[in-house]
Amino acid sequence: MNPLLIYFREECIELWSLDNNGRLLPVLYNSSNKLPLYFLLSGDEILMDNFAKQSFLTNTPNSFGDFWDNLSNESIIYERFLAKNTFATLLPYVFKESVLPSIAKSHFNSNLPSILNQSNFAILFDSFVEEDHKEIILNLFFQIVGFDPNSLISIDFFDCFRDLIIKKNLINQSDSFLLTNISNGNIYFHLIGRNFPSHLGRKVLEGKGQDPVLDVVLDFLVEIAHAKGSLISSVDLRKELKNDAIAILGKIPGGLVLHTIRNSNIDVSPLRISFHKNDIEGRINNRQSLNFIHHELDSFIRLSNAEQLPIFLSGHVINEVVFREFFTSIYSKVNFENDQFDFEFLLHCLNMMVPAGFSLSTGSVKTQEATYPTQKKVSSSVNMLNSEDGVVINTSGNQRIPQLNTPPIPARPVVPPMPTRPSTPPIPSTLASGPNAVVGSEATNKPLINDRPPVSKPELKLPPGLKSSPPVIPTPRSMAPPPPPPPPPPPPPLPGKKK
């Protein structure tokens, strides 16, 4: 059965698979393969969509967000079906009740219990996800969703990333490297080795993975909040004020900035902001923020003895111009990601789930030399991102994304009904069709019934116009009624009359 990849990102979960030609296929739920990590409790139903996201951003009751910050927070409780549940259970419940049943029907032509036991599922966590968060999600997916441990695997991000850049001849099999990315406003430095486990070390710069101007605005808002009496730490305040800081960025070009922050988590609510853009222009120094990143990365490199290792920038944020120019101006071995890399990475992860020699179109293992989907040629009529690697995304709004065609599952042989006409031979097993059909080697090696040929009986045909009636079964002798008595003798003739 075609694989299904569940990719946990910063703001959403992405669902991907392969079509029967081994090309990348987005698996849709509610017209998108990206599920925002926001939830809205509507009665006893859990919604996970853009409406839930907007509800959380507008502080609607019974809405939940900040997924990675709250995943291990057991103090966040919601009530459903007269039972209390923790925040972490929102995701597995909506997957079990809404997401997976919809995918099972639309993409696998099956139902939830069937795909949980038979499908090839994999979970991929982005590079910033903590190990304890991975453990929470995997345990709840087994306990609540009901995944079969044999059908669900977890793909290591760094192992897959390393395998791909070796395939692209960017490093050798024996090389180590540094990987840096930006997620949740933080910068992450990772040391990746050549042996298992490949992830050897990590350093996090909190709050430094964003626009330097936004960084200055956040520092300015934190100072105001503390001056107004807030006792919240600077790190927590920056998280709480991030959305308001983004809104303030759009007001700065107008000169005078007036903004009201209504957030009970900052100890000062409402917090009214009034300043002129000149008040922060003197603070904006992109180089100052980047110099801090330079100092911290150099420290991490020295402690890891990684002075000669190449650096890979992973993710679209760290590959923006301001960061690319910064890294290339200081370090010599810097590798960037183009627009196609993310799709190549997803395709490589999915190909790792397909056994060698397994044909997606037939659902069986080839007897000849294994042919991987990445080696298949793609028709030029399809919108291609990378024809050599078989990466194809259908971006046209007028074309329907093809659904998965799952191969038939061999079932136990079923004895066909006895033929009623002598001219109708039994249906050969190799031509049988339907949900109970037996195909492949089972159809040719195992008889559907015993070795004796079926005995056919001629059909009794009645003359036209007559209808058949049920046969009359004679009554057993012991149960037959007694015979009627004989008739009485004739009366004697009257006297004086002749016969």
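My aim in this report is to walk through the structure given alongside it, one point at a time.

So, how was this worked out
Residues numbered from 1 in each chain as written. Predicted model: local features only at pLDDT ≥ 70, side-chain atom pairs only at ≥ 80, totals over all residues. Heavy atoms only, no water. Helix = DSSP H or I, 4+ residues; strand = E, 2+ residues; numbered from the N terminus. Contact = heavy atoms within 4.5 Å. Areas by Shrake-Rupley, 256 points an atom, 1.4 Å probe, with all protein chains shown as cover. Axes fitted to C-alpha atoms, helices over the stretch in contact; angles between N-to-C directions. Parallel < 35°, antiparallel > 145°, perpendicular 65-115°, else oblique. Nonpolar A, V, L, I, M, F, W, Y, C, P; charged D, E, K, R; others polar. Pairing = 2+ DSSP bridges. Buried < 20%, exposed > 50% of the residue type's maximum accessible area, 1.4 Å probe, protein only.

**Some points on the overall build of the protein chain**
Helix and strand content of the protein chain: 13 helices and 22 strands. Sequence separation of 24 or more characterises 58% of the internal contacts of the protein chain that already satisfy a separation of 6 or more. Per element, the accessible surface of the protein chain, about 29,000 Å² overall, is 53% carbon and sulfur.

**Topic: the packing of helix α6 (residues 157-167) against helix α12 (residues 341-353)**
The contact between α6 and α12 brings their axes to 10 Å, and the two run at 110 degrees. By the angle between their axes, α6 is roughly perpendicular relative to α12. Residues Phe157, Cys160, Phe161, Asp163, Leu164, Ile165 and Lys167 of α6 touch α12, and the partners they reach there are Phe341, Glu344, Phe345, His348, Cys349 and Met352. In terms of residue class, the contact of α6 with α12 is made up of nine nonpolar, one polar and three charged.

**Some details on the sheet that holds strand β7 (residues 63-64)**
If you walk across this open sheet you meet the three strands as β6-β5-β7, and the pairing is antiparallel. Both outer strands of the open sheet, β6 (45-47) and β7, are each paired with one neighbouring strand and no more. Pairing of strand β5 (residues 39-42) with β6, which is carried by three bridges, proceeds in the antiparallel orientation. In the strand pairing of β6, Ser42 is matched with Glu45. Each of β5, β6 and β7 touches helix α1 (residues 50-57); the most contacted strand, β5, lies at about 95 degrees to it. The sheet contacts of helix α3 (residues 90-106) involve β5, β6 and β7, and relative to β6 the element is tilted by about 105 degrees.

**Things to note about the pairing of strand β13 (residues 186-192)**
Counted residue by residue, β13 has seven buried out of seven residues, so it is predominantly covered. Judged by which residues are buried, β13 turns out to be covered on both faces: Asn186, Tyr188, His190 and Ile192 on one side and Ile187, Phe189 and Leu191 on the other are all buried. Relative to β13, strand β12 (residues 177-183) runs antiparallel, the two sharing seven bridges. By the bridge assignment, Leu178 is partnered in β13 with Leu191. Here β12 folds back onto β13, and the loop between the two strands holds two residues, one of which, Asn184, carries a positive phi near 55 degrees. Alignment of β13 against strand β14 (residues 199-205), held across six bridges, turns out to be antiparallel.

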